[in-house]
Amino acid sequence: QVQLVESGGGLVQAGGSLRLSCAASRRTFSTYAMGWFRQAPGKEREFVAAITSGGSTGYADSVKGRFTISRDNAKNTVYLQMNSLKPEDTAVYYCAVQRSLGSLTDTRLYDYWGQGTQVTVSS
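About the cut-offs
Residues numbered from 1 in each chain as written. Predicted model: local features only at pLDDT ≥ 70, side-chain atom pairs only at ≥ 80, totals over all residues. Heavy atoms only, no water. Pairing = 2+ DSSP bridges. Helix = DSSP H or I, 4+ residues; strand = E, 2+ residues; numbered from the N terminus. Axes fitted to C-alpha atoms, helices over the stretch in contact; angles between N-to-C directions. Phe/Tyr/Trp six-rings, centres within 6.5 Å; stacked < 30°, edge-to-face > 60°. Buried < 20%, exposed > 50% of the residue type's maximum accessible area, 1.4 Å probe, protein only. Lys NZ or Arg CZ within 6 Å of the ring centre and 35° of its normal. Core = buried A, V, L, I, M, F, W, Y, C linked by side-chain atoms within 4.5 Å. Contact = heavy atoms within 4.5 Å. Polar contact = N/O pair within 3.5 Å; in protein donor to acceptor, adjacent residues only side chain to side chain. Salt bridge = Lys/Arg side-chain N within 4 Å of Asp/Glu carboxyl O.

K.L.:
So what exactly am I meant to see when it comes to the sheet that holds strand β1 (residues 4-7) here?
P.N.:
What holds strands together in a sheet is hydrogen bonding between their backbones, with the strands either parallel or antiparallel. Taken in spatial order, the four strands of this open sheet run β1-β3-β8-β7, and their pairing is antiparallel. Unpaired on one side and paired on the other, β1 and β7 (67-72) mark the two borders of the sheet. Pairwise comparison of adjacent strand axes, ignoring direction, gives a mean angle of 15° for this sheet. With six bridges connecting them, β7 and strand β8 (residues 77-82) associate as antiparallel partners. Of the residues in β8, the one forming a bridge with Thr 68 is Gln 81.

K.L.:
Is there a simple way to explain the packing of aromatic side chains in this structure?
P.N.:
Here a ring pair, both rings aromatic, is described through the centre-centre distance and the interplanar angle of the planes. Applying the stated rule across the entire model yields four aromatic pairs. A ring pair is formed by Tyr 110 and Trp 113, whose centres lie 5.9 Å apart and whose planes are at 55°; its orientation type is tilted. On the basis of relative accessible area, Tyr 110 is assigned to the buried category, the value being 6%. According to the relative accessible area criterion, Trp 113 is partly exposed, its value standing at 27%. Members of the aromatic cluster, connected to one another through ring pairs, are Phe 37, Phe 47, Tyr 110 and Trp 113. Lying over the aromatic face of Tyr 94, Arg 45 brings its terminal NZ or CZ to 3.7 Å of the ring centre. Above the ring of Phe 29, the side-chain terminus of Arg 71 is found at 4.6 Å from the ring centroid.

K.L.:
Just to check I follow, could you spell out the nonpolar core for this structure?
P.N.:
Side chains that are nonpolar tend, in soluble globular proteins, to be buried together. Leu 4, Trp 36, Leu 80, Met 82 and Tyr 93 are the most contacted members of the largest nonpolar core, which totals 37 residues. The set of elements that each furnish at least two residues to this core consists of β3 (18-24), β4 (33-39), β5 (46-51), β7, β8, β9 (91-98) and β11 (117-122). Among residues more than four places away in sequence, those in contact with Tyr 93 are Glu 6, Leu 20, Trp 36, Phe 37, Arg 38, Val 48, Phe 67, Leu 80, Met 82, Gly 116, Thr 117 and Val 119.

K.L.:
What should I look at first to understand the side chain of Asp 106 in this one?
P.N.:
Considering the arrangement of structural elements, one finds Asp 106 in the loop between β9 and β10 (112-113). At a separation of 2.9 Å, a polar atom in the side chain of Asp 106 contacts the side chain of Arg 108.

K.L.:
Explanation requested: the pattern of salt bridges in the structure shown.
P.N.:
Once the charged atoms of two side chains with opposite charge are near each other, the side chains can pair. Tallied over the full model, the rule gives six salt bridges. A salt bridge links Lys 64 to Asp 61, with the nearest nitrogen and oxygen atoms 3.1 Å apart. Classification of Asp 61 as exposed rests on a relative accessible area of 67%. Three or more residues are tied together by salt bridges with common partners; here these are Arg 38, Glu 46, Arg 66 and Asp 89.

Structure follows, in structure tokens:
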């Protein structure tokens, strides 16, 4: 069992920045791929960014160039730096763990999820 706790969400104006954090409970965190997803009201949960245990990263086209995912294995934490935020980035953001490396964009392949943190971008 892996417990994930997200933090760092909030209200920000368009063009602003936020950094989300996701702390994991397991020491084997470093061996897992980690992903960030988001879900806006009335929409399906969608992929945002992911990072493998080796540090390779991937991003949704909608956030490429604005968001950066990183990880600190010593702290069992993954981060999502979000810059140049837009109102359409408003959503609940979730981090997730994928124990067996597969498609990083597929929500069905993630094993554990955090409770989510709200990000609201005002225009």
